[in-house]
Amino acid sequence: NYVKIYKPFFVGREAFIAREAKRKAEVVRFGVSEKGLPMPQPKDPVVDERGKVIGRVTSCALDTEGTLVGQAYVKEKYQTQGTPLWVLVTPRREPKSRAELEMGDRTQLPVQVEVLRRFPRL
């Protein structure tokens, strides 16, 4: 929240305060601990350990150490640092249907991520 709501007046102040009071989600940083996994893309669903969609990826990139870090808009319950989450990464090519899968075929698995501190330590 970067808006200074303690200021006496700005256009849309009341509407902003009302919207913030109802908000149930927030942007968090996440990291992918394993290397070589597909990069989460914007709008990819974020799910909890039971497979329930709890948010969406907003961005992802490689950091200076070559690991994937990103941001996702997730429900309040899942914003604590260290919380494991999973991202259903959009496949690069069209996946086979379940009926077409044969022994030895590869399928797309969710990528496990972990909620990080909001601001990295320098």
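Each value, and the rule that gives it
- Residues numbered from 1 in each chain as written.
- Predicted model: local features only at pLDDT ≥ 70, side-chain atom pairs only at ≥ 80, totals over all residues.
- Heavy atoms only, no water.
- Pairing = 2+ DSSP bridges.
- Helix = DSSP H or I, 4+ residues; strand = E, 2+ residues; numbered from the N terminus.
- Axes fitted to C-alpha atoms, helices over the stretch in contact; angles between N-to-C directions.
- Salt bridge = Lys/Arg side-chain N within 4 Å of Asp/Glu carboxyl O.
- Buried < 20%, exposed > 50% of the residue type's maximum accessible area, 1.4 Å probe, protein only.
- Patch = residues over 30% accessible without salt bridge, like charges linked within 9 Å, V, L, I, M, F, W, Y side chains within 5 Å.
- Areas by Shrake-Rupley, 256 points an atom, 1.4 Å probe, with all protein chains shown as cover.
- Lys, Arg positive; Asp, Glu negative; His and termini not counted.
- Charge placed at Lys NZ, Arg CZ, Asp CG, Glu CD.
- Polar contact = N/O pair within 3.5 Å; in protein donor to acceptor, adjacent residues only side chain to side chain.
- Contact = heavy atoms within 4.5 Å.

Let's talk about the sheet that holds strand β6 (residues 111-115)
Part 1 of the reasoning: Pairing in this closed barrel of 6 strands is antiparallel, and the strands run β1-β4-β3-β2-β5-β6 around the ring. Within this sheet the neighbouring strands show an average axis-to-axis angle of 40°, counted without direction.
Part 2 of the reasoning: Where strand β5 (residues 84-87) meets β6, 4 bridges bridge the pair, whose relative direction is antiparallel. What sits directly across from valine 87, in β6, is valine 111.

Observations regarding the pattern of salt bridges
Part 1 of the reasoning: Following the criterion strictly, the structure yields 3 salt bridges and no others.
Part 2 of the reasoning: Between arginine 23 and glutamate 20 there is a salt bridge, and its shortest N-O distance comes to 3.1 Å.
Part 3 of the reasoning: The salt bridge involving arginine 23 is made with glutamate 26; its shortest N-O contact spans 3.7 Å.
Part 4 of the reasoning: A cluster of three or more residues bridged by salt bridges with shared partners is formed by Arg19, Glu20, Arg23 and Glu26.

Comments concerning unusual backbone geometry
Comment: phi is negative for the bulk of residues other than glycine, and the bulk of peptide bonds are trans.
Part 1 of the reasoning: Even without being a glycine, lysine 43 presents a positive backbone phi close to 80°.
Part 2 of the reasoning: Within the secondary structure, lysine 43 sits in the loop between β1 (25-32) and β2 (45-47).
Part 3 of the reasoning: Taking relative accessible area as the criterion, lysine 43 reaches 69% and is therefore assigned exposed.

What to know about a positive patch on the surface
Part 1 of the reasoning: Side chains of Arg50, Lys52, Lys75 and Lys77 sit close together on the surface and give a patch of like positive charge.
Part 2 of the reasoning: On the secondary structure map, lysine 75 appears in strand β4 (residues 68-75).
Part 3 of the reasoning: Of the residues examined, lysine 75 reaches a relative accessible area of 38% and is grouped as partly exposed.

Re the side chain of aspartate 48
Part 1 of the reasoning: Structurally, the position occupied by aspartate 48 is in the loop between β2 and β3 (53-62).
Part 2 of the reasoning: One buried charged side chain, aspartate 48, makes no salt bridge at all; its nearest oppositely charged neighbour is lysine 52, positioned 6.0 Å away.
Part 3 of the reasoning: Reaching out from aspartate 48, the side chain makes a polar contact with the side chain of tyrosine 78 at a distance of 3.1 Å.
Part 4 of the reasoning: Once residues lying within four places of it in the same chain are set aside, the contact partners of aspartate 48 are Ile54, Tyr78 and Trp86.

Focus: the environment of phenylalanine 10
Part 1 of the reasoning: Secondary-structure assignment places phenylalanine 10 in the segment before α1 (13-22).
Part 2 of the reasoning: As a C-alpha pair, phenylalanine 10 and valine 53 span 43 residues in sequence and 36 Å in three-dimensional space.
Part 3 of the reasoning: When near neighbours in sequence (up to four residues on either side) are disregarded, phenylalanine 10 contacts Val3, Lys4 and Ile5.

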